[in-house]
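# An overview of the molecular structure
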Amino acid sequence: MNPTSRSKKYRLGIALGGGGAKGFAHVGVLRAMEDFGLKPQIVAGCSAGSVVGSLFSAGYSSDEILKMLSSINLRSILKVKMPTNGIFSLSKVEAFLNRHLPYSRIEDLPLPNVITATSLDDCKAVAFTEGPLAKCITASCSLPMIFQPAIIDGKTYVDGGVLHNLPVFALRECCDVVIGVVVSPLDKSPFKNTLVDIGYRSYRLMTTHNTYLDMQSCDVVITVDSMKGKGTFGFDNMKENAKEGYFAAMKVLVNSPLLKQIRDEQ
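Just so you know, these numbers come straight off a predicted model, no measurement behind them.

In this section: the packing of helix H5 (residues 91–100) against helix H6 (residues 133–141). Viewed as axis vectors pointing N to C, H5 and H6 meet at an angle of 140°, and their least axial separation amounts to 9 Å. Relative to H6, the element H5 is oriented oblique. Judged by the sense of rotation from one axis to the other, the crossing of H5 with H6 is right-handed. In this structure, H5 uses Val93, Glu94, Leu97 and Asn98 to contact H6, whose residues at the interface are Ala134, Lys135, Ile137 and Thr138. Classifying every residue of the contact of H5 with H6 by side-chain character gives four nonpolar, two polar and two charged.

Below, the structure is given as structure tokens:
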């Protein structure tokens, strides 16, 4: 893998990892790239990364994305359902996305976009490059047992983070250079001996492990270390998370000869 060569379809791609509310750090990362003068030719997103990535691919600026998502009242868009296959339904989230996204299908987005999820039927990671945009985003965000799985063309999908919380696999074969953005580093603070905390810590260990493996396939990694200790559902911290993402990204951008080279090429 020689990132200085030009041999693939896209020169630069960016993979936005999952992390719930911590994923709003991606907005700051994209803003830093705008200020730095660096533009990805394709975006891949997992879970929260798929939300931010899809809005960015639809043409929204980082400031517009932050303003839109900061207006969300979590209680108003999460629909409680009888817990058969998930405590919450993402149907209201899907409706919100359909209202705000000016495109209904992934393949129609002006900036190429990949949304990753996990297929329970095929037992593998899936990279959607076409299909119903809002539905694929909710599939990518369907945290098992918390959110109801998404059904697309008769198949059942859950959160992409189950297998690849950092969706580099969706870009590696088509990009010369891949930036991976990690917004959910492992917090090793004590946990409570409860069903919820044990389940959550176990899931975080799983996603941290698969993220580490996928980081090895990146040419550049931006890790927002300040997200440690912040809650997956701490949506009151959106603006602060975006600010932390900006500073973490800018530190990497200004110190990367490779990214400076690509910026100058653009």
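We are not done yet, so read on.
Let us look at helix H10 (residues 257–265). Every buried residue of H10 is accounted for by Leu258, Leu259 and Ile262. Angularly, the buried residues of H10 cover 95° about the axis, an arc narrow enough to put them on a single face. Exposed positions of H10 whose direction lies more than 90 degrees from the buried face are Pro257 and Asp264.

The next thing to look at is the pairing of strand E2 (residues 42–46). Summarising burial for E2: five of the five residues are buried, a large majority. Every second residue of E2 is oriented toward a common face, with Ile42, Ala44 and Cys46 on one face and Val43 and Gly45 on the other, all of them buried. With four bridges connecting them, strand E1 (residues 10–16) and E2 associate as parallel partners. Across the sheet, residue Gly13 finds its bridge partner in E2, namely Ile42. Each parallel crossover has a hand, and the one from E1 via helix H1 (residues 25–36) to E2 is right-handed.

This paragraph deals with the pairing of strand E9 (residues 175–182). Working note: regular strand, side chains alternate between the two faces of the sheet. Counted residue by residue, E9 has eight buried out of eight residues, so it is predominantly covered. Summarising the sheet, E1 and E9 pair through six bridges and their orientation is parallel. Across the sheet, Ala15 pairs through a bridge with Gly180, a residue of E9. Pairing analysis gives four bridges linking E9 to strand E10 (residues 220–223), with the strands arranged parallel. Pairing of Val182 across the sheet is with Thr223, part of E10. A crossover links E9 with its parallel partner E10, the connecting element being helix H8 (residues 195–215), and its sense is right-handed.

This part is about the packing of helix H2 (residues 48–57) against helix H3 (residues 62–70). In contact at an axis separation of 10 Å, H2 and H3 are set at 130° when each is read in the N-to-C sense. Taken together, the axes of H2 and H3 lie oblique to each other. Between H2 and H3 lies a crossing whose hand is right-handed. Facing Val51, Val52, Leu55 and Phe56 of H2, the residues of H3 in contact are Ile65, Met68 and Leu69. Residues belonging to the contact of H2 with H3 are distributed by class as follows: seven nonpolar, no polar and no charged.

The rules behind the values
Residues numbered from 1 in each chain as written. Predicted model: local features only at pLDDT ≥ 70, side-chain atom pairs only at ≥ 80, totals over all residues. Heavy atoms only, no water. Axes fitted to C-alpha atoms, helices over the stretch in contact; angles between N-to-C directions. Helix = DSSP H or I, 4+ residues; strand = E, 2+ residues; numbered from the N terminus. Parallel < 35°, antiparallel > 145°, perpendicular 65-115°, else oblique. Left-handed = near helix turned anticlockwise from the far one by under 90°. Contact = heavy atoms within 4.5 Å. Nonpolar A, V, L, I, M, F, W, Y, C, P; charged D, E, K, R; others polar. Buried < 20%, exposed > 50% of the residue type's maximum accessible area, 1.4 Å probe, protein only. Arc of directions from axis to C-beta. Pairing = 2+ DSSP bridges. Right-handed = clockwise from strand over helix to strand, strands pointing away.

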